[in-house]
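Observations on the model geometry
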Amino acid sequence: MERLVELPFGKSVEIAYKSIRVRFYRSMITTLSLVLAVAFLCYVQAGNTIAEGVLISGDKSAFTAVMKAGYDVAPGEMSIGGSAKQRWIVVLSLLVCVVGIVNAQLMAVTERFREIGTMKCLGALDRFILRLFILEAAIQGVIGSTIGAFVGAFFALVSSLFVFGTLAFAALPIAKLALIVLAATGVGCLLSMIGVIFPAVKAARMEPVEAMRIEE
Amino acid sequence: MTELHAIIRTTDVVKKFKLGNQELEVLKGISLTITAGRYISIMGPSGSGKSTLFNMIGGLDKPTSGKVFIDEVDIAQLDAYELAWLRCRKIGYIFQTFNLIPVMTALENVTLPMTFAGTGGDESVERGMELLKTVGLAERYNHKPSELSGGQQQRVAVARALANSPAIILADEPTGNLDLTTGEEIIRLLKQMSEERNVTIISATHDIKMLNVSDEVIWIRDGRIDKIEQRHELNISIGTIE
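Given the structure is predicted, the values throughout are model-derived calculations rather than measurements. (Residues numbered from 1 in each chain as written. Chains lettered and ligands numbered in written order. Predicted model: local features only at pLDDT ≥ 70, side-chain atom pairs only at ≥ 80, totals over all residues.)

1. A word on the overall build of chain A
The line we're drawing: Under the scheme used here, helices are H or I runs from DSSP no shorter than 4 residues and strands are E runs no shorter than 2 residues, and both carry numbers assigned from the N terminus. Any residue surrounded by 20 or more other C-beta atoms within 10 Å of its C-beta is treated as buried, while 12 or fewer makes it exposed and the intermediate range makes it partly exposed; C-beta atoms here are placed from the backbone. Here, residue contact means that the backbone-derived C-beta atoms of the two residues sit within 7 Å.
Looking only at helices and strands, one finds eight helices and zero strands in chain A. For chain A, the N- to C-terminal ordering of α and β elements is α-α-α-α-α-α-α-α. Relative to its 216 residues, chain A shows a buried fraction of 43%. For chain A, the share of sequence-separated contacts (at least 6 apart) that also reach a separation of at least 24 residues comes to 89%.

2. Quick look at the overall build of chain B
Looking only at helices and strands, one finds seven helices and 10 strands in chain B. Taking the principal axes of its C-alpha atoms as reference, chain B extends roughly 50 × 50 × 45 Å. Residues classed as buried in chain B amount to 46% of the 242 residues present. Here the analysis covers contacts within chain B between residues at least 6 apart in sequence; of these, 70% occur between residues at least 24 apart.

3. Things to note about the sheet that holds strand β10 (residues 224–230) of chain B
All names here are of chain B. Rules: Think of it this way: DSSP has to see at least two bridges between two strands before they count as a pair. In this analysis, axes come from line fits to C-alpha atoms, helices being fitted only over the stretch in contact, and the angle between any two N-to-C directions falls in the range 0 to 180 degrees.
The six strands lie next to each other as β6-β7-β8-β3-β9-β10, forming an open sheet whose pairing is mixed. For this open sheet the edge positions go to β6 (91–94) and β10, each flanked by a neighbour on one side alone. When the angles between neighbouring strand axes are averaged without regard to direction, this sheet yields 15°. Of the pairings in the sheet, the one linking strand β9 (residues 216–221) to β10 comprises six bridges and is antiparallel in character. Paired with Ile220 across the strands is Ile225, a residue of β10.

4. Section: the nonpolar core
The following threshold applies: A set of buried residues qualifies as a nonpolar core if it consists of Ala, Val, Leu, Ile, Met, Phe, Trp, Tyr and Cys joined through C-beta atoms within 7 Å.
In terms of nonpolar packing, the biggest core is built from 121 residues, with A:Val38, A:Cys42, A:Ile129, B:Ile42, B:Val158 and B:Leu170 touching the most fellow members. What B:Ile42 contacts, discounting residues up to four positions off in sequence, is B:Lys50, B:Leu53, B:Phe54, B:Ile202, B:Ala204, B:Ile218 and B:Ile220.

5. Some thoughts on the sheet that holds strand β1 (residues 6–19) of chain B
All names here are of chain B. Pairing is antiparallel in the open sheet, where four strands are placed in the order β2-β1-β4-β5. Both edges of this open sheet fall to β2 (22–35) and β5 (73–74), since each of them pairs with a single strand only. By the bridge criterion, two bridges tie strand β4 (residues 65–70) to β5 in an arrangement that is antiparallel. Each bridged residue has a counterpart across the sheet, and for Ile70 the counterpart in β5 is Val73. The sheet contacts of helix α1 (residues 50–57) involve β1, β2 and β4, and relative to β1 the element is tilted by about 125°.

6. So, the interface of chain A and chain B
Rules: Polar here means any residue other than Ala, Val, Leu, Ile, Met, Phe, Trp, Tyr, Cys and Pro, which are nonpolar, and Asp, Glu, Lys and Arg, which are charged; Gly is therefore polar.
Listed as interface residues are 24 residues of chain A and, on the opposing side, 29 residues of chain B. Only α1 (9–22) and α5 (113–121) of chain A provide two or more residues apiece to the side of chain A that touches chain B. Among the residues forming the side of chain A that touches chain B, the class breakdown is 12 nonpolar, three polar and nine charged.

This is the structure in structure tokens:
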């Protein structure tokens, strides 16, 4: 005899998507921190890469321009890596972002205790609930990171224009930039999923009794 | 003549809760048998253990000692998958606070248990619409719970409870958040469903209006069964109720 309950993947994506759409403003605020953090990450990386492009272009004023822009390069060097301080600040901003996501998702779980308990009464397994929360975080992660990455890259381009003038476009490393945008998006998605794990596990372990009224 | 079988049976169920250092014994040995196809009300004052007993019977909680049998299956022996199956296919739940999923429309709420049961898209939509029609909400299938009144939400909840044609419906204070007339409507609807579909309905309630339609009333007081009254006894002891 068939004794199983199931939640088809497509259906769980549908439910996750609808949850986000209905709680649009709440989702936007959660995603905003992700957008900003990913934008910052991408901005820093893209800025470095564009400056590197200027350096490599071999233009006579290139070296001085890059030094003036604040990048720490020795004469003859052809690559620009991030300074330790720069890396620190980026990592810190990403950490703050993750903490923000964990907080927001914990709040969401607390708010939705009835919904979770009810679903369990309807027969949902623990891992369905887990899946729903992770999918929601993944969708928010993808959207937020993509926007953030493009915003960051855009601002890097704009500020490079101001700093280097047209030099910036002379040897624009397009391929590398595209890779950076992609990587930043990936990092953002990862952060979103990491942030949701603890709250999602908490939600999945919730007892269905919690959906019932608490008798005072 | 159809053989009556005990759809729910408890033997000496005791439930203790730990409150800080103290242990509170909420259920002090409850043994009862509920036969299939009847409308049972569990009544009792607040704090009597009504909800706790209800949770036991509904497979939502395990007793500290004693056994609960649903369809002659000891629920303490079931694993998470089997419990989920039980809640999905055998039991339908109705709550005081309606507990509809706010992001889904009425139809989606009704078809959600069907999705868990593995029913396909078209069939579930068809059955969902039919159920909504039975409770009188066919035109509101596209509305979200926030766009429905309390009585309408509870009717959607009733339709949802019937989604997988369960053998048992557990209603926890179904009329608690409804006004007099709407409450009566819901009670009438539940009775109608019980008769049409031969579902066992067990409701935990304060509401005296339920007495009218119940086949059997179990009075709980202080964690023990006070008395069990059958329908004909009720009429005599209380007289007519509007």
